[in-house]
Amino acid sequence: MSTENLPQSPEQASRKPRVAVVFGGRSSEHGISMVTAGAVLAAIDRTKYDVLPIGITREGRWVLTADEPERMAIADRRLPAVEELAESTEGGVVLPVDPANREVVYSEPGSVPKALGEVDVVFPVLHGPYGEDGTLQGLLELSGVPYVGSGVLASAVGQDKEYMKRVFTSFGLKVGPYVVIRPREWQQDEAAARKKIVDLAGEHGWPLFVKPARAGSSIGITKVDDLSGLDEAIAEAQRHDPKILVEAAVRGREIECGVLEFEDGPRASVPAEIPPPDAHAYYDFDAKYIDSTPGIVPAPLTEEQTAEVRRLAVEAFEAASCEGLVRADFFLAEDGEFVINEINTLPGFTPISMYPQMWQASGVSYPELIDRLVQAALRRSTGLR
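In this text the structure is predicted, and so the values were computed from the model without any measurement.

**So, the UniProt feature "active site" (unreviewed entry) in the protein chain**
Inference 1: The UniProt record annotates "active site" (unreviewed entry) at Glu29, Ser217 and Ser353.
Inference 2: Within the secondary structure, Glu29 sits in the loop between strand S1 (18-24) and helix H2 (30-43).
Inference 3: Classification of Glu29 by relative accessible area gives buried; the value is 2%.

Written out as structure tokens, the structure is:
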């Protein structure tokens, strides 16, 4: 049911829109979500929006947290956690399940539940499973609450690298060689599953990249240079997801491009290039978040290459039925063709992350970026669209 045409009370019409920033979560990207949330909470326009910070613990409990963005940063190479900011060890937040009622309620054992007011839009800054993958989006659709970013289908496609590649291929976008190992394959015939990977290396050469199929932030990924490292890489990927994806290396330059939903549709930012990090084998988790390997913005491309990668980024956004925002990651292969690696429906979103940097270089500041995403969410109805 759409809440688009529900009547507004005088109180609703006169007050500022209330934005619930939801962060943390049950995935291995819990800490990065906290860092993203801190940046959003610090930059969102408090003269324009009321803000309600809601954390999800690693166990899945929804809690009120302190509105203290400075405590959500990486400190001494250590990631923050929701539990450190929770206002109570027992209290919990409950979202509405009635599309006609957007009242958020807080309750503690032995206490009368307390109404926290209505939420007009949710800004989910959850990375990975149980947040970025369509699960939270489905809950918000049932609740009739608008939210920033892609819907259920696009979020699920954007999280699952196998089906993302299948969608892109069906729309004519070029992807690199890969194989998928599902948990049942591995359990029933481990040798046959391993042979699929070895055959990929035999056809396309080493190195291979072994990845969890449904994770992000480069967590659980291993660059494998020969057969001796394969089993360890598989075990590491399976720690994060029983389904794994193995990709052949695409030799070329790493190029990223941001897509943002404007009033007249999606537009692409100037692209960026990710140079090979000096201290890392590839652009892994530490290179991205701990050592903050800088990207080159804008990417040193020809006008024709820039126009092409921007066009392809919007095509990828549309192919997966995305909304709000996407970061599209490509390789500019040695033959001059762009190969799409993946999209992120909720990319890294701190001011030093590549997505905001690309839009900063395109004339959209970080606070304006947040505002545009919230306004795009408020323009959309929930339900089928």
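**Digging into unusual backbone geometry**
Inference 1: Along the chain, Trp206 connects to Pro207 via a cis peptide bond; the corresponding omega equals 5°.
Inference 2: By the secondary structure assignment, Pro207 is in the loop between helix H7 (190-204) and strand S9 (208-212).
Inference 3: For Tyr130, which is not glycine, the phi torsion reads 65° and is therefore positive.
Inference 4: Turning to its location among the elements, Tyr130 is positioned in the loop between strand S7 (121-124) and helix H3 (135-143).

**Remarks on the pattern of salt bridges**
Inference 1: Scanning the entire structure with this criterion turns up 35 salt bridges.
Inference 2: A salt bridge links Arg71 to Glu68, with the nearest nitrogen and oxygen atoms 3.0 Å apart.
Inference 3: Classification of Arg71 as partly exposed rests on a relative accessible area of 38%.
Inference 4: On the basis of relative accessible area, Glu68 is assigned to the partly exposed category, the value being 28%.
Inference 5: Salt-bridge contacts for Glu236 lead to Arg239; the nearest nitrogen and oxygen are separated by 2.8 Å.
Inference 6: Take Glu236: its relative accessible area is 26%, and that puts it in the partly exposed class.
Inference 7: Assessed through its relative accessible area of 60%, Arg239 is described here as exposed.
Inference 8: If you follow the salt bridges from partner to partner, you end up with Glu141, Glu261, Glu323, Arg380 and Arg385 in one network.

**As for the pairing of S7**
Here is the key point about a regular strand: its side chains alternate between the two faces of the sheet.
Inference 1: The two faces of S7 match: Val121 and Phe123 on one face and Val122 and Pro124 on the other face are all buried.
Inference 2: In this structure, S1 lies alongside S7, joined through four bridges in parallel fashion. By the bridge assignment, Val19 is partnered in S7 with Val121.

What counts, and where the lines are drawn
Residues numbered from 1 in each chain as written. Predicted model: local features only at pLDDT ≥ 70, side-chain atom pairs only at ≥ 80, totals over all residues. Heavy atoms only, no water. UniProt positions renumbered as here; feature names shortened; annotations may be inferred. Helix = DSSP H or I, 4+ residues; strand = E, 2+ residues; numbered from the N terminus. Buried < 20%, exposed > 50% of the residue type's maximum accessible area, 1.4 Å probe, protein only. Salt bridge = Lys/Arg side-chain N within 4 Å of Asp/Glu carboxyl O. Pairing = 2+ DSSP bridges.

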